[in-house]
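# Summary of structural features
Residues per chain are reported as follows:
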Amino acid sequence: MSASPQHPVEDAIDFTIMYSTHDAFRRDLERLVTAALAGTALTPAAQAGWENFKNQLVVHHTVEDAELWPRVERAVADRPQDLTLMKEMEDEHALLDPLLHAVDQAMTRGSNDLAELTRQLADGLGNHMKHEEESALPLIQEVLTPHDWSAFRGAMARRQGPKGAAMYVPWILDGASSSERERFLDAMPPPIRIINRLFWQSRYQRRKLWAA
């Protein structure tokens, strides 16, 4: 992504972690749809994968709603079109909540409409992430600073906590290509990379999320 004219290249916000998170959501949605179509969505591995997916999504959207969108809204307070975009981001989050709940209920009781509901969730979240990447992130690059972005990332880290980080980092890397792994890890603090290699990765792998 090229830097906005408003920011010199050295002051551009690095969206690596955001894109990696979106890619992980897309990957898990594919696994969810596959499991639903194959009739394996009620297995312990698929259920564990779903529980982790739900937690990651709730944390991600909660912190965006509380810490990111308000920052952008303040920066574009005199720009009605951009305020409309921020409202769309918040509304899309709200629209996803009933879809998430419907899939959760279907996963619990193994209902016949699980495959259709998972597809609806995949389409809804996929469209939202595409909208965010194509419209909201360029606006953020224009009107916020790396300091603003660091504050948002700090709020995300606080919400996750140590236990959350221990799942989040290896979850992002699960199924990532070698170049994707390298790009994401390069964006993380060195201590996180070391802790993940020594402890988190092996613990995560033992959970066998989504495994048949």
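Heads up: the structure comes first, above all this text.
Our subject in this report is the structure included herewith. All figures in this text were calculated on a predicted structure; none of them were measured in a lab.

Rules used in this analysis
- Residues numbered from 1 in each chain as written.
- Predicted model: local features only at pLDDT ≥ 70, side-chain atom pairs only at ≥ 80, totals over all residues.
- Heavy atoms only, no water.
- Helix = DSSP H or I, 4+ residues; strand = E, 2+ residues; numbered from the N terminus.
- Expected span 1.5 Å × (residues − 1).
- Bend = angle between axes of the 7 residues up to and from the residue.
- Core = buried A, V, L, I, M, F, W, Y, C linked by side-chain atoms within 4.5 Å.
- Buried < 20%, exposed > 50% of the residue type's maximum accessible area, 1.4 Å probe, protein only.
- Contact = heavy atoms within 4.5 Å.
- Salt bridge = Lys/Arg side-chain N within 4 Å of Asp/Glu carboxyl O.
- Patch = residues over 30% accessible without salt bridge, like charges linked within 9 Å, V, L, I, M, F, W, Y side chains within 5 Å.
- Areas by Shrake-Rupley, 256 points an atom, 1.4 Å probe, with all protein chains shown as cover.
- Axes fitted to C-alpha atoms, helices over the stretch in contact; angles between N-to-C directions.
- Left-handed = near helix turned anticlockwise from the far one by under 90°.
- Nonpolar A, V, L, I, M, F, W, Y, C, P; charged D, E, K, R; others polar.
- Phe/Tyr/Trp six-rings, centres within 6.5 Å; stacked < 30°, edge-to-face > 60°.

## Some words on helix α2 (residues 44–75)
- Taking 1.5 Å as the rise per residue, α2 with 32 residues should run 46 Å; its terminal C-alpha atoms sit 45 Å apart, in good agreement.
- Of all bends in α2, the biggest is about 45°, found at E64.

## Regarding the nonpolar core
- Counting residues in each nonpolar core, the largest one holds 40 residues, and the members touching the most others are W50, F53, V103, L121, L125, V169 and F184.
- At the level of elements, α1 (16–38), α2, α3 (80–109), α4 (114–143), α5 (146–173), α6 (178–186) and α7 (190–207) are the ones that each hand at least two residues to this core.
- V103 has contacts with L32, W50, L114, L117, T118 and L121, leaving out every residue within four places of it along the chain.
- Grouped together as the second largest cluster of nonpolar side chains are 22 residues, V76, M89, V143 and F152 included.

## Digging into the pattern of salt bridges
- By the definition in use, this model includes 13 salt bridges.
- Between R31 and D28 there is a salt bridge; the shortest N-O distance is 3.4 Å. Of the two residues, R31 and D28 are both situated in helix α1; the distance of three residues between them amounts to about one turn of the helix.
- For R31, a relative accessible area of 24% corresponds to the partly exposed category.
- D174 serves as the salt-bridge partner of R31, at 3.1 Å between the closest nitrogen and oxygen. With R31 in helix α1 and D174 in the loop between α5 and α6, this residue pair connects regions lying 143 residues apart in the sequence.

## Focus on α7
- For α7, built from 18 residues, the straight-helix expectation of 26 Å at 1.5 Å per residue is met to within 8% by its first-to-last C-alpha distance of 25 Å.
- A bend of about 55° at N196 is the largest found in α7.
- Taken as a whole, α7 has its buried residues at I192, N196, W200, Q201 and Y204.
- Looking one or two places after α7, you find K208, whose phi comes out positive at around 50°.

## What to know about a nonpolar patch on the surface
- Together, I194, I195, L198 and F199 make up a nonpolar patch on the protein surface, roughly 340 Å² of accessible area in all.
- Here I194 lies in helix α7.

## Things to note about unusual backbone geometry
- Its identity is not glycine, yet K208 carries a phi of approximately 50°, on the positive side.
- Relative to the helices and strands, K208 is located in the segment after α7.
- Residue K208 is classed as exposed on the basis of its relative accessible area of 54%.
- Here W210, not a glycine, exhibits a phi torsion of approximately 70°, which is positive.
- Following the sequence through the fold, W210 ends up in the segment after α7.

## With respect to the packing of α1 against α2
- Contact geometry of α1 with α2 gives a least axis separation of 11 Å together with a crossing angle of 145°. Judged by the twist between their axes, the crossing of α1 over α2 is left-handed. In contact with M18, T21, H22, F25, D28, L29 and L32 of α1, α2 contributes G49, W50, F53, Q56, L57, H60, E64 and L68.
- Of the residues that constitute the contact of α1 with α2, the class distribution is eight nonpolar, five polar and two charged.

## Re the packing of α2 against α4
- For the pair α2 and α4, the least separation of the axes is 13 Å and the interaxial angle reads 30°. Like other packed secondary-structure pairs, α2 and α4 cross with a definite hand, here left-handed. Of the residues in α4, those in contact with W50, F53, L57, H61, E64, L68, W69, V72 and A75 of α2 are L121, L125, H128, E132, A136, L139, I140 and V143.
- Considering only residue class, the contact of α2 with α4 consists of 13 nonpolar, two polar and two charged.

## A few points about the packing of aromatic side chains
- Summed over all chains, the structure comprises seven aromatic pairs.
- With a centroid separation of 4.9 Å and an interplanar angle of 85°, the aromatic rings of F15 and W149 are classed as edge-to-face. Taken as a pair, F15 in the segment before α1 and W149 in helix α5 lie far apart in primary sequence, 134 residues in all.
- What links up through ring pairs into an aromatic cluster is the set F25, W50, F53, Y168, W171 and F184.

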